[in-house]
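The primary structure of each chain is shown beneath.
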Amino acid sequence: MEDILVHESELLGLVKEYLDFAEFEDTLKTFSKECKIKGKPLSKTAGGSLRDSKSLIIQRDLIAAFDSGDQKVFFDLWEEHIPSSIRAGDSLAQKLEFYLHIHFAIYLLKHSMGRPDKEELDERISYFKTYLETKGAALSQTTEFLPFYALPFVPNPMVHPSFKELFQDSWTPELKLKLEKFLALIFKASNTPKLLTLYKENGQSNKEMLQQLHQQLVEAERRSMTYLKRYNKIQADYHNLIGVTAELVDSLEATVSGKMITPEYLQSVCVRLFSNQMRQSLAHSVDFTRPGTASTMLRASLAPAKLKDVPLLPSLDYEKLKKDLTLGSDRLKAFLLQALRWRLTTSHPGEQRETVLQAYISNDLLDCHSHSQRGVLQLLHSRSEVVRQYMARLINAFASLAEGRLYLAQSTKVLRMLEERLKEEDKDIITRENVLGALQKFSLRRPLQTAMIRDGLIFWLIDILKDPDCLSDYTLEYSVALLMNLCLRSAGKNMCAKVAGLVLKVLSDLLGHENHEIQPYVNGALYSILSIPSIREEARAMGMEDILRCFIKEGNAEMIRQIEFIIKQLNSEELLDGVLESDDDEDEDDEEDHDTMEADLDKDELIQPQLGELSGEKLLTTEYLGPGRPSHFSPDGPAHQKRLPSIPAGRLPPSRRGGRCGRQARSVVASRTSRRASPARLGGPQPAKGGAPGPGQWRDHQIWGKLLRERAWPWSPAVSWPPGTPAAPPLPPALRRWAEPF
């Protein structure tokens, strides 16, 4: 009981101290009176008493030094106890300090009986002069203080009309009053009540502890899910092995009874045992009737694949290439852009492709660092739709590789031109698709995300998504994916908050779209922006929960689980979503910045070489191989060479013109669903063996990287990317649907 009374007395003292500090005078009187009536003792906090007594001593010492004219003692105390941030940043403190220096400079002139000591006066004037040249220099442009900069150079300031005010009897008492008020205000602010100090310290400590615990929890969950996935994989392999073993035992028993094992049965067993990479080739050309074939193939499936030596492609004369890209005919420009793209997309992943890309970058193929008005990059604004499209395809190919994105991202010029092309292009669907694809890949880099948000790209995306049935599947999917990426940033959420009603309407409409590939992106964008209180309020007002629950009735298990988390976010009262608020540091994501070349880059080629025309790698190695050889198509080349026929500006084949509404023009993207027509079938080059993965694998790269790094979705399964894997392993369909919002 005694301990309770002691602690109660201390607590009441803390309350009294705070009320006194906050100047709740009437409340303090009532509080003190009631404590007295109830017999509750009010203890004076030791800390408060100590601080008060110390503050009073400092104030008395400063005032005493002011009165006695002790310049050294005063300014030693001033610099020790007045915070430097106040002395340097507060205009009131700066002005007061200026007048205090004047006070001590002329103190002997005002208070000496007879002539002041010349040596001491010179010392004070010198001290004041030093102040004017250092700390006081900041006020030299102020009209109020400008005359006083002449004070050290005036022989007798007492008779000078500019300083008459300083020697009036009222000047010093007024300055002293200002000093007392300033000190009272400063020391009151520094005498923070113990109750407030405890609140601040504990609050900050708890916040830091919660952040640490949250980070540890996320890391522990990531590790546990990684181990769980590995365990599940081992368990599945074990079950498969047990099943195969049981079948083989049955087969051996049947053999004892005289029943023969067929080669087809043996082949099916081996296929189940082989790794995924060998199953496709195994079904063809392997003769299992030959003794030892099955065991040899099984052992070979466990052996690491040997890398084949891939020859490097010959170097090119990039000066001539860029010259013809800027000065040649539109048809030549189109063939060159196509050939340069094919060299990148069909090169073998690894040293061959890296060499091609590094050559492009080191020679600044796209003129990203050039300030010329006729650079290669300007082909994005060519009057020829084919040239514009092929330029967009080449930029998209660059953006598919990490080093290419880094090259394009070094200047915001590329981003600005892509944004302009995206907003202006209304004739060619493929051009817009490639520009949009490049921007979506750019959104993997945080600085470019920030620039896109600042440029208002979110508003353009929302506007175009208002009518999704007039968009190709590619445009729809990449638009929603890009919107989700930008909405993961706090700046993007705040941008959405400006048009919250429109954003919510567009996203809610997209929830019911027939293209189910976009659902994870829509869910991700909704979940992210609902962390903003104003957007949550708008969503509640429009009945978003009822809309979401309609889709719960119709969706599959994965969709239902995602929507349940969105509803939970919708009904949350938190001011900020700490899970998704991971941005505005501009560090890059090394884990997710992978190289993956899309097959879509070479789909539906618009131009085919005529008889005698060169194209592709043959065009490059014949006309632009190495330095010193003039191009036949260059203005400097032989005049008798046959010129390439030009493409009329603004013309495309009928099948490539116009957009579609409703279900029209599905053929524009139908081939994409089936991985699109191959370059070879379209007259293009054959992809290198083991080469470019398709668009689905491009998204797999992004998803795996995001899953490994951020776990931004609360329902996302953690996965592990096996060490040494050269490309992202394909995601199972269910896992892709869960994880694609990453």
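In the nomenclature of an unreviewed UniProt entry, the protein chain is known as LisH domain-containing protein ARMC9 of Equus przewalskii. Listed under Subunit (unreviewed entry) in UniProt, the entry text for the protein chain is "Interacts with TOGARAM1, CCDC66, CEP104, CSPP1 and CEP290. Interacts with NDUFAF2."

A.B. asks: Could you give me a rundown of the overall build of the protein chain, with the residues and numbers involved?
C.D. replies: Each helix and strand in the protein chain was counted, giving 33 helices and zero strands. Across the 742 residues of the protein chain, 45% fall into the buried class. For the protein chain, the proportion of contacts with a sequence separation of at least 24, taken over those separated by at least 6, is 75%. Here the protein chain displays about 39,100 Å² of accessible surface, and carbon together with sulfur accounts for 55% of that area.

A.B. asks: I'd like a description of helix α2 (residues 25–37), backed by residues and values.
C.D. replies: Over its 13 residues, α2 extends 18 Å from the first C-alpha to the last, a length consistent with the 18 Å expected when each residue adds 1.5 Å. Listed as buried for α2 are Leu 28, Phe 31 and Cys 35. Relative to the axis of α2, the buried residues are bounded by an arc of 65 degrees and lie together on one face. In α2, those exposed residues whose orientation departs by more than 90 degrees from the buried face are Glu 25, Asp 26, Lys 29, Thr 30, Lys 33, Lys 36 and Ile 37.

A.B. asks: If you had to explain unusual backbone geometry to someone new, which residues and values would you point to?
C.D. replies: The backbone of Asp 364 sits at a positive phi, close to 50 degrees, despite the residue not being glycine. Here Asp 364 lies in the loop between α16 (351–362) and α17 (385–399). Accessibility expressed as a relative area gives 12% for Asp 364, which makes it buried.

A.B. asks: Please provide a residue-by-residue account of the nonpolar core, values included.
C.D. replies: Judged by nonpolar contacts, the single largest core of 105 residues is most densely connected at Leu 366, Phe 398, Leu 408, Leu 439 and Phe 442. Other than its neighbours up to four places away in sequence, Leu 408 contacts Leu 366, Cys 368, Ile 395, Phe 398, Ala 399, Val 414 and Phe 442. Counting residues in hydrophobic clusters, the runner-up holds 43 residues, among them Phe 66, Tyr 99, Phe 104 and Leu 175.

A.B. asks: Give a detailed account of the side chain of Lys 603, specifying residues and quantitative values.
C.D. replies: Along the chain, Lys 603 falls in the loop between α29 (557–570) and α30 (616–623). Judged by its relative accessible area of 1%, Lys 603 is buried. Only 2.9 Å separates the side chain of Lys 603 from the side chain of Glu 433, close enough to count as a polar contact.

A.B. asks: Tell me what's going on with the packing of aromatic side chains, and back it up with residues and numbers.
C.D. replies: The final tally for this structure, using the stated rule, is 21 aromatic pairs. Taken together, the ring pairs connect Phe 98, Tyr 99, Phe 128, Tyr 131, Phe 145, Phe 148, Tyr 149, Phe 163 and Trp 171 into an aromatic cluster. When the ring centre of Tyr 390 is taken as reference, the NZ or CZ atom of Arg 341 above it lies at 5.0 Å.

A.B. asks: Outline the pattern of salt bridges, supporting the account with residue identities and numerical values.
C.D. replies: Scanning the model with the defined rule gives 19 salt bridges in all. Its salt-bridge partner being Lys 118, residue Asp 122 comes within 2.9 Å of it at the nearest N-O pair. Linking Asp 122 with Lys 118, this pair stays in helix α8 (residues 118–133), spanning four residues, or about one helical turn. The class for Asp 122 is partly exposed, based on a relative accessible area of 38%. Lys 118 gets classed as exposed once you look at its relative accessible area, which sits at 61%. Sharing partners across several salt bridges, the network here consists of Arg 341, Asp 602 and Glu 605.

A.B. asks: Explain the environment of Thr 27 to me, and be specific about the residues and the numbers.
C.D. replies: Along the chain, Thr 27 falls in helix α2. Judged by relative accessible area, Thr 27 falls into the partly exposed class, the value being 41%. On a C-alpha basis, the gap between Thr 27 and Lys 16 in space is 9.5 Å, while along the polypeptide they are 11 residues apart.

A.B. asks: Describe the packing of helix α22 (residues 457–464) against helix α23 (residues 473–487), naming the residues involved and giving the relevant values.
C.D. replies: Look at α22 against α23: their axes get within 10 Å of each other, and the N-to-C directions meet at 145 degrees. Here α22 and α23 pass one another in a crossing that is left-handed. From α22, Leu 457, Ile 458, Leu 461 and Ile 462 reach across to α23, where they touch Ser 479, Leu 482, Leu 483 and Leu 486.

A.B. asks: Summarise the confidence of the model for the protein chain; cite the residues concerned and give the values.
C.D. replies: In this model, the protein chain carries an average pLDDT of 75, and 73% of its residues clear a pLDDT of 70 or more. Confidence, read as mean pLDDT per element, is least for helix α31 (residues 667–673) in the protein chain (31) and greatest for helix α15 (residues 330–345) (91).

A.B. asks: Tell me about the packing of α16 against helix α18 (residues 402–409), residues and numbers included.
C.D. replies: Taken N-terminus to C-terminus, the directions of α16 and α18 make an angle of 10 degrees; their axes are 10 Å apart at the nearest point. Overall, the two elements α16 and α18 adopt an arrangement that is roughly parallel. Of the residues in α18, those in contact with Leu 357, Gln 358 and Ile 361 of α16 are Glu 403, Gly 404 and Tyr 407. Among the residues making up the contact of α16 with α18, the classes are represented as three nonpolar, two polar and one charged.

A.B. asks: Which residues make up the side chain of Asn 515, and what are the values?
C.D. replies: One can find Asn 515 in the loop between α25 (500–511) and α26 (519–529). Exposure remark for Asn 515: the relative accessible area of 10% places this residue in the buried category. Within the structure, the side chain of Asn 515 is placed 3.0 Å from the backbone nitrogen of Glu 517, a separation counted as a polar contact. Residues within four places of Asn 515 in sequence aside, it is in contact with Asp 473, Leu 476 and Glu 477.

A.B. asks: Could you give an account of a negative patch on the surface, with specific residues and numbers?
C.D. replies: Judged by side-chain charge, Glu 351, Glu 354, Glu 403 and Asp 595 come together as a negatively charged surface patch. Tracing the sequence through the fold places Glu 403 in helix α18. Take Glu 403: its relative accessible area is 40%, and that puts it in the partly exposed class.

A.B. asks: Let's hear about a nonpolar patch on the surface: which residues, and what values?
C.D. replies: A surface patch of nonpolar side chains, amounting to about 240 Å² of accessible area, comprises Tyr 18, Phe 24 and Leu 195. With respect to the helices, strands and loops of the structure, Phe 24 is situated in the loop between α1 (2–21) and α2. With relative accessibility at 40%, the residue Phe 24 sits in the partly exposed group.

A.B. asks: Run through α25, naming residues and quoting values.
C.D. replies: An ideal rise of 1.5 Å per residue puts 16 Å on 12 residues; α25 measures up with 17 Å between its terminal C-alpha atoms. Taken as a whole, α25 has its buried residues at Ala 500, Val 503, Leu 504, Val 506, Leu 507, Ser 508, Leu 510 and Leu 511.

A.B. asks: Any chance you could break down the environment of Pro 41 for me, citing the residues and the numbers?
C.D. replies: Counting through the fold element by element, Pro 41 comes out in the loop between α2 and α3 (46–68). Spatially, the C-alpha atoms of Pro 41 and Leu 12 are 7.9 Å apart, while their sequence positions differ by 29 residues. Excluding its chain neighbours within four sequence positions, the residues that come into contact with Pro 41 are Ser 9 and Leu 12.

A.B. asks: If you had to explain the state of the cysteines to someone new, which residues and values would you point to?
C.D. replies: Evaluation of the coordinates by the stated rule reveals zero disulfides. The closest cysteine sulfur to the non-disulfide-bonded Cys 487 is located on Cys 496, 3.6 Å from its own sulfur.

A.B. asks: Quick rundown of the environment of Ala 438? Include the residues and the values.
C.D. replies: Its place among the elements puts Ala 438 in helix α20 (residues 429–442). Sequence spacing of Ala 438 and Ala 397 is 41 residues, and the spatial spacing of their C-alpha atoms is 8.0 Å.

Calculation criteria
Residues numbered from 1 in each chain as written. Predicted model: local features only at pLDDT ≥ 70, side-chain atom pairs only at ≥ 80, totals over all residues. Heavy atoms only, no water. UniProt positions renumbered as here; feature names shortened; annotations may be inferred. Helix = DSSP H or I, 4+ residues; strand = E, 2+ residues; numbered from the N terminus. Buried < 20%, exposed > 50% of the residue type's maximum accessible area, 1.4 Å probe, protein only. Contact = heavy atoms within 4.5 Å. Areas by Shrake-Rupley, 256 points an atom, 1.4 Å probe, with all protein chains shown as cover. Expected span 1.5 Å × (residues − 1). Arc of directions from axis to C-beta. Core = buried A, V, L, I, M, F, W, Y, C linked by side-chain atoms within 4.5 Å. Polar contact = N/O pair within 3.5 Å; in protein donor to acceptor, adjacent residues only side chain to side chain. Phe/Tyr/Trp six-rings, centres within 6.5 Å; stacked < 30°, edge-to-face > 60°. Lys NZ or Arg CZ within 6 Å of the ring centre and 35° of its normal. Salt bridge = Lys/Arg side-chain N within 4 Å of Asp/Glu carboxyl O. Axes fitted to C-alpha atoms, helices over the stretch in contact; angles between N-to-C directions. Left-handed = near helix turned anticlockwise from the far one by under 90°. pLDDT = per-residue confidence, 0-100. Parallel < 35°, antiparallel > 145°, perpendicular 65-115°, else oblique. Nonpolar A, V, L, I, M, F, W, Y, C, P; charged D, E, K, R; others polar. Patch = residues over 30% accessible without salt bridge, like charges linked within 9 Å, V, L, I, M, F, W, Y side chains within 5 Å. Lys, Arg positive; Asp, Glu negative; His and termini not counted. Charge placed at Lys NZ, Arg CZ, Asp CG, Glu CD. Disulfide = S-S within 2.5 Å.

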